[in-house]
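An overview of the molecular structure
Residues per chain are reported as follows:
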Amino acid sequence: MNDDLKIVLFLCNWSPHAAYQTLQDALAPLPREIHMIRIPCSGRITKSLLFKAFETGADGVVLLGCEPGSCRYGLGTRVAQRNIDDTRGILNLLGLGDERLGFGSFHPDQHQELLDYLTTFREKIAELGKTVIVAANRAKEPGLLAQSTAAISRAHNIYACQDCGKCSSACPVALSGKQFSPRAIANAAVAGDIDSPALREDIWSCLTCGICYDRCPSAVSFPDFIKDMRCASSANGKFNAHEGFFHSLMRAMTSPGLPVKHWSGLPSDIQTDQESKILFFGGCAPYFDTFFKNHLGIHTSDILFDALRLMNFFDIRPAIMQNERCCGHDLLWSGDRENFIKLARLNVEMISAMGIEELVTACPECYRAFSRDYPENGIETGFKVRHIFELAEAEIGKGAVGFKKLNRKITYQDPCRLSRTQSGCELPRGLLKRLKVSDFTEMRDRGASSLCCGNCAWTGCDSYSKAMQVNRLKQAKETGANLLVTACPKCQIHLRCAMEDPLLENEIRIEMMDLTSLLAKTIEWQ
């Protein structure tokens, strides 16, 4: 027996707790590896809490609730089952296996059955052994201090702020109605007012979309300032969306021995070559699809598959990393630089071991992370980084390539991490203009002035984010388009979430497709 095994038991306060209490009163031989946490209802334990237990060192997790139909809260057991299924899917993608997550339902008098279940589960975990996840302990930050705030302000030239207000007047967060002002944050930083709500709370409302930098006459890099202020803050995790699930996932990925199965669902028609010097880096789409499958039914993994098909069309058979991890973008931009660097170093180490000379990605955030964030944090990659749009434009430019006619009216949503980079606005538009569609009409806010989808790095999701998404979808509908072309999986997720509103369905619902998929589905040799 592994005496150092750790099994977390989330125990519903009602029926299963009564059975568990009977076992305790009778001094039954409950597995000593189990650490019980009493909860109000099994349906209250979210996917984030289930996975958090694994991130922080659990080798197995059990959720016990009431039998279906006897839940005191009505749908608790049904909700719990969905959360269990989704989290098991994540565990399988990570290579940990779904057997490490148990779920059961019991009546109050089923104490012997409950004991048998827990004993069997303990034996299964003992057979599997400890997980390879190394708890990613984070250094305790002292919080914002006057000297650190001043140093960050100097590093990003915040003292050059002219107090003109152009940033605040263009900020999509401020325009959504939220009491938020980049200028107020800059003023508080310059004044050294570290107790100001502008520095304690508002730094987490910023989308880091970059419109402020585009407008600033002093070229103050406000998004980078916000990033560093978050890294210096002690409030990391307080403002994370989905209870920080994706941040927990990324921290778990810093464990070198994790047997990730990122590409287990690769379609048979796609050709890859593990000896290739070109690597296609997919990103977190499989995790997004698994996490949101019961809510949004998204399929952002199709973007990755279509990117590979597009590369195959150009007779490129790239290598892929079966144990591919996240690029770490969200950790850095949500204030966890320490674990971002761990993940970045691990990624570069694995990619370099494959002899890769060029990395291609279809994700704007992966592109930003590898091409800019890694070098800026002292991590040299040693390989070229290209977005799939760059590759496509270069290959199409060689000639003999055309596109099938598509009877659709389209408009385009710029991803923040691509549109604020050099040629980031022109490159996708050049590709869009090559398509044979019925019409391509731009939205009112476009290019460098494009509106964010309302969330970045999973640092927040509220009614103001929803207002931004609804506004953007209304702009898309105003163009007369019947297809909204995107270039970021998160844009698809956030905009599709807004479209779930039953009261606004007819006003904002529109079909979406990533530009990568659109290219792959219509390209042909001439």
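Overview of the structure. The structure displayed is predicted, hence computed values, not measured ones.

Here we look at unusual backbone geometry
Of note in this structure, Thr208 is not a glycine but carries a positive phi near 50°. Inspection of the secondary structure puts Thr208 in the loop between helix H9 (197-200) and helix H10 (211-215). In this model, Asp315 sits at a positive phi of 65°, which is unusual for a non-glycine residue. Along the chain, the position of Asp315 falls in the loop between helix H14 (301-313) and helix H15 (329-333). A residue is classified by how much of its surface remains accessible, and Asp315, at 55% relative accessible area, is exposed.

What to know about the packing of aromatic side chains
By the definition in use, this model includes 20 aromatic pairs. Judged by centre distance (5.6 Å) and plane angle (55°), the rings of Phe51 and Phe245 are tilted. Separated by 194 residues along the polypeptide, Phe51 in helix H2 (residues 47-55) and Phe245 in helix H12 (residues 245-252) bring together distant segments of the chain. A residue is classified by how much of its surface remains accessible, and Phe51, at 0% relative accessible area, is buried. Arranged with centres 4.6 Å apart and planes meeting at 20°, the rings of Phe246 and Trp458 form a pair that is stacked.

Considering the environment of Glu365
As for its placement among the helices and strands, Glu365 is situated in helix H17 (residues 364-376). Among the residues examined, Glu365 registers a relative accessible area of 10% and is labelled buried. Every residue in contact with Glu365, bar those within four places of it in the chain, is listed here: Cys327, His329, Asp330, Arg417 and Lys490.

Digging into the sheet that holds strand E7 (residues 384-387)
As summarised here, the arrangement of the 3 strands in space is E5-E6-E7, forming an open sheet in which the pairing is parallel. The outermost strands of the open sheet, each flanked by one partner alone, are strand E5 (278-281) and E7. Looking at each pair of strands side by side, their axes are set apart by 25° on average, direction ignored. Here E5 runs beside strand E6 (residues 358-361); their pairing, made up of 4 bridges, is parallel. The residue bridging Phe280 from the neighbouring strand is Val360, located in E6. The sheet contacts of H14 involve E5 and E6, and relative to E5 the element is tilted by about 155°.

Observations concerning the packing of helix H3 (residues 76-93) against helix H13 (residues 285-292)
At their nearest, the axes of H3 and H13 sit 8 Å apart, and the two run at 160° to each other. Comparing the axis directions of H3 and H13 gives the class roughly antiparallel. When you trace H3 past H13, the crossing you get is right-handed. In this structure, H3 contributes Asp86, Gly89, Ile90 and Leu93 to the contact, and H13 contributes Pro286, Tyr287, Thr290 and Phe291. Each residue belonging to the contact of H3 with H13 can be placed in one class, and the counts come to 5 nonpolar, 2 polar and 1 charged.

Re the pairing of E6
In E6, alternate side chains face the same way, and those of Glu358 and Val360 on one face and Leu359 and Thr361 on the other are all buried. In this view, the connection linking E6 to its parallel neighbour E7 by way of H17 has right-handed handedness.

Looking at the layout of surface pockets
In this structure, the largest pocket encloses a volume near 440 Å³. For the largest pocket, the lining is made up of 22 residues, of which Lys47, His242, Phe291, Phe292 and His295 are closest to its centre. Those elements that place two or more of their residues in the lining of the largest pocket are H2, H3, H13, helix H21 (463-478) and helix H22 (489-498). With 4 residues, the top contributor of residues to the lining of the largest pocket is H3. A breakdown of the residues in the lining of the largest pocket according to their chemical character gives 8 nonpolar, 8 polar and 6 charged.

Here we look at the pattern of salt bridges
Enumeration according to the criterion identifies 34 salt bridges in this entry. Between Asp214 and Arg215 there is a salt bridge; the shortest N-O distance is 2.7 Å. As a salt-bridge pair, Lys398 and Glu395 come within 3.2 Å of each other at their nearest N and O atoms. Given the relative accessible area of 16%, Glu395 is considered buried. A cluster of three or more residues bridged by salt bridges with shared partners is formed by Lys52, Glu55, Arg251 and Asp336.

Side note on the side chain of Thr131
Of note, Thr131 is situated in the loop between helix H4 (111-128) and helix H5 (146-155). Among the residues examined, Thr131 registers a relative accessible area of 12% and is labelled buried. Within the structure, the side chain of Thr131 is placed 3.4 Å from the backbone nitrogen of Ile133, a separation counted as a polar contact.

Section: the environment of Ser334
By the element assignment, Ser334 lies in the loop between H15 and helix H16 (337-353). On the accessibility criterion, Ser334 (4% relative accessible area) is buried. Ser334 sits 108 residues away from Ile226 along the chain, and the two C-alpha atoms are 9.5 Å apart. Engagement of the side chain of Ser334 in a polar contact is seen with the backbone oxygen of Leu331, the distance being 3.2 Å.

What about the packing of H12 against H13?
Between H12 and H13, the shortest axis-to-axis distance is 12 Å and the interhelical angle comes to 140°. For the element pair H12 / H13, the angle class is oblique. In terms of crossing hand, the pair formed by H12 and H13 is right-handed. For the pair H12 and H13, the contacting residues are Phe245, Phe246 and Leu249 in the first and Tyr287, Phe288, Phe291 and Phe292 in the second. A breakdown of the residues in the contact of H12 with H13 according to their chemical character gives 7 nonpolar, no polar and no charged.

About the criteria used
Residues numbered from 1 in each chain as written. Predicted model: local features only at pLDDT ≥ 70, side-chain atom pairs only at ≥ 80, totals over all residues. Heavy atoms only, no water. Helix = DSSP H or I, 4+ residues; strand = E, 2+ residues; numbered from the N terminus. Buried < 20%, exposed > 50% of the residue type's maximum accessible area, 1.4 Å probe, protein only. Phe/Tyr/Trp six-rings, centres within 6.5 Å; stacked < 30°, edge-to-face > 60°. Contact = heavy atoms within 4.5 Å. Pairing = 2+ DSSP bridges. Axes fitted to C-alpha atoms, helices over the stretch in contact; angles between N-to-C directions. Parallel < 35°, antiparallel > 145°, perpendicular 65-115°, else oblique. Left-handed = near helix turned anticlockwise from the far one by under 90°. Nonpolar A, V, L, I, M, F, W, Y, C, P; charged D, E, K, R; others polar. Right-handed = clockwise from strand over helix to strand, strands pointing away. 1 Å grid on protein atoms, 1.4 Å probe; cavity = no way out; pocket = protein on both sides within 12 Å on 5 of 7 lines; lining within 4 Å. Points joined across faces, edges and corners; volume = space filled by probe spheres on them. Salt bridge = Lys/Arg side-chain N within 4 Å of Asp/Glu carboxyl O. Polar contact = N/O pair within 3.5 Å; in protein donor to acceptor, adjacent residues only side chain to side chain.

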